[in-house]
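Here are the chains, one letter per residue:
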Amino acid sequence: MPRHATSVIALAALLLAACGERAPEGSTVIRAARLYVAPDAPPVDDAAVVFVDGRIVAAGPVGEIATRGAARLPACDGGVVTAGFQNSHVHFTETKFAGAREKPATELRAALTDMLNRFGFTTVVDTASVLGNTVALRARIEAGEIPGPRILTAGGALYPKDGIPIYLRDLPPEFLAGLSQPASVEEALEDVQANLDGGADATKLFLMTPLGAGRYAFMLPDIALAAADETHRRGLLVLAHPTDIEGINLAIEAGVDVLVHTTIGEGKTVWDAALINQMLAKGMAVVPTLMLFPYELHRAKLPPEVVELATGDAVEQLRSYSKAGGQVLFGTDVGYMADYDPTEEYRLMARALSPMQILAALTTGPAGRWKESERRGRVEAGMDADLAVLEADPGADAANFAKLRCTLRAGKPTFERPGA
Ligand SMILES: [Zn+2]
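First, a word on what this report is: a plain description of the structure on this page. Here the structure is a predicted model, which is why all the values come from computation and not from measurement.

## Overview of the packing of aromatic side chains
A complete count under the given rule lists 9 aromatic pairs for this structure. Consider the rings of F85 and F401, whose centres lie 5.8 Å apart with planes at 75°: the pair is edge-to-face. With F85 in strand β6 (residues 85-90) and F401 in the loop between β16 (387-390) and β17 (404-409), this pair connects stretches of sequence that are 316 residues apart. Here F85 matches F401 in class, with each residue buried. Both rings, one in Y159 and one in F206, keep their centres 4.4 Å apart while their planes meet at 15°; by these two values the pair is stacked. Placement of Y159 in the loop between β8 (150-153) and α4 (173-177) and of F206 in strand β9 (residues 202-206) is noted, with a sequence separation of 47 residues between them. Classification of Y159 as buried rests on a relative accessible area of 5%. Residue classification places F206 among the buried positions, given a relative accessible area of 5%.

## So, helix α8 (residues 273-281)
Within the sequence span of α8, burial applies to L275, I276 and M279. Buried residues of α8 fall within an arc of 95° about the axis and therefore sit on the same side. Within α8, the exposed residues directed more than 90 degrees away from the buried face are A273 and A281. Once α8 ends, the next one or two residues include G283, with phi positive near 65°.

## Observations concerning the sheet that holds strand β13 (residues 258-259)
If you trace the 5 strands from one edge of the open sheet to the other, you get β9-β12-β13-β14-β15, paired in parallel fashion. The two strands at the open ends of the sheet, each matched to only one other strand, are β9 and β15 (327-328). In the sheet, strand β12 (residues 237-241) pairs with β13 via 2 bridges, with the strands oriented parallel. What sits directly across from L239, in β13, is V258.

## Things to note about the pattern of salt bridges
Scanning the model with the defined rule gives 23 salt bridges in all. With its nearest N and O atoms 3.1 Å apart, the salt bridge here joins E316 to R319. Here R319 and E316 lie together in helix α10 (residues 304-323), a separation of 3 residues that amounts to about one turn. On the basis of relative accessibility, which here comes to 32%, the residue R319 falls in the partly exposed class. Put simply, R378 and E380 hold a salt bridge, and the shortest N to O gap is 3.2 Å. The exposure class of E380 is partly exposed, given its relative accessible area of 29%. Three or more residues joined by partner-sharing salt bridges are found here, namely D197, E230, R233 and R234.

## Thoughts on helix α12 (residues 355-362)
Residues I358, L359, A361 and L362 constitute the buried set of α12. Here the buried residues of α12 occupy an arc of 160° about the axis, which is enough to place them on one side.

## Section: the coordination of the zinc ion
Distances from the zinc ion to its protein donors, namely H89 (NE2), H91 (NE2) and D333 (OD), fall within the range 2.1 to 2.3 Å. We classify D333 as buried; its relative accessible area is 3%.

## A look at the sheet that holds strand β7 (residues 121-126)
Pairing is parallel across the open sheet formed by 3 strands, whose spatial order is β6-β7-β8. Two strands in the sheet have a free side with no partner beyond their single neighbour: β6 and β8. Neighbouring strand axes in the sheet, compared pairwise and without regard to direction, differ in orientation by 20° on average. By the bridge criterion, 4 bridges tie β7 to β8 in an arrangement that is parallel. Within the sheet, the bridge partner assigned to T123 lies in β8 and is R150. The strands touched by helix α3 (residues 131-142) are β7 and β8; relative to β8, the strand with the most contacts, the crossing angle is about 160°.

## Digging into the nonpolar core
Within the largest apolar cluster, 49 residues are counted, with the highest numbers of intra-cluster contacts made by F92 and Y346. Excluding its chain neighbours within four sequence positions, the residues that come into contact with Y346 are F85, F121, F330, I358, L362, A398, A399, F401 and A402. Membership of the second largest hydrophobic core comes to 29 residues, among which are A188, L207, A240 and M284.

## Focus: the state of the cysteines
Counted according to the given criterion, the structure contains 1 disulfide. What pairs with C76 in a disulfide is C406, and their sulfur atoms sit 2.1 Å apart. In this structure, the disulfide formed by C76 and C406 twists by about -70° around the S-S bond and is classed as left-handed. Here the residue C76 occupies a position in the loop between β4 (71-72) and β5 (79-83), and C406 occupies one in strand β17, the gap between them amounting to 330 residues. Judged by its relative accessible area of 0%, C76 falls in the buried class.

## Quick notes on unusual backbone geometry
Its identity is not glycine, yet A213 carries a phi of approximately 55°, on the positive side. By secondary structure assignment, the location of A213 is in the loop between β10 (208-212) and β11 (215-218).

Each value, and the rule that gives it
- Residues numbered from 1 in each chain as written.
- Predicted model: local features only at pLDDT ≥ 70, side-chain atom pairs only at ≥ 80, totals over all residues.
- Heavy atoms only, no water.
- Phe/Tyr/Trp six-rings, centres within 6.5 Å; stacked < 30°, edge-to-face > 60°.
- Helix = DSSP H or I, 4+ residues; strand = E, 2+ residues; numbered from the N terminus.
- Buried < 20%, exposed > 50% of the residue type's maximum accessible area, 1.4 Å probe, protein only.
- Arc of directions from axis to C-beta.
- Pairing = 2+ DSSP bridges.
- Salt bridge = Lys/Arg side-chain N within 4 Å of Asp/Glu carboxyl O.
- Donors = N, O, S within 2.8 Å, 3.2 Å for Na, K, Ca; no water.
- Axes fitted to C-alpha atoms, helices over the stretch in contact; angles between N-to-C directions.
- Contact = heavy atoms within 4.5 Å.
- Core = buried A, V, L, I, M, F, W, Y, C linked by side-chain atoms within 4.5 Å.
- Disulfide = S-S within 2.5 Å.

This is the structure we're talking about:
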């Protein structure tokens, strides 16, 4: 018998064995027209993902996976499956999330679905909020009471002394009075420790803030450094809001891990090679938040050509940072930005990155940055069953990252497209 015939028979036997094999007790299967195991692996067509107790036990070509007897989620079948997404810049500061300890579960569920679940987000980084409220919301999600993403929170942010940014001035005075504006290293350490002891997973620093009329406040370098060192001592991450290049320089000095925005300046805010090299040397990640800029500038009624110049700056920063090997984490600033739909973010990112680079910014990149590559970011056996099921292939059009059929967190749907 020719050798290839033997191998065809062997392969057929293997496939039959797999199809006929029983899936593990208590497992669920979803079928995928296409599966993206990870951004660095070729896609698999006609695939299946099997999970038990919130963990993936098998993922790959349907013929090679034991699926017999597994429960089904028909609304989630037939899409394009990737690992669940992380939005690395959100806020739980809108009134719909206030009073999270006692608010009816149905209301919080609707708010989470509207802002996050329906867009595939299974992990989010809240980059500043009222810590106690966000911790209460997280506890109810983790208890299984409300379907929602895993929340990593920076809790209360630190601002420069007398440096509350102009765009927060409309918030209630009692809220503003509670914001941390340390005047000394001792005060900064006290605030950082209280925040992390209270359940925060990171420290967020506003290094440079606009005060209006062209004036800015800056966090003193020794205060920023002390806050960052204390956070790193606990093995946690430091996030920073830079506003402008001077803010990035302060971030480099302090050893910040993640810049939560790019910077804008009407066609003249270039991140030059020297700046990029310093950022790379510190291993800094960048959250571009590109659609935030047109959103803000349109609201400020600036002419479209100015908006395009400013947005183009940010796209260019993303392109040059990524090209130099810098890490990019997807994030939109939803919760501050009232436009929840990330389609425009994907379109703008696609001007600088490939679809697989965007997938990395949504999955493997943030998993690694948060030291969780062992449990999430890829669709493989042993990983959390956090999955995004898309209607269409993001490899063909990055805007398809925003079109969800289903979102699953730990194997349970947090979103199913109505009528699916
Ligand atoms: Zn923000």
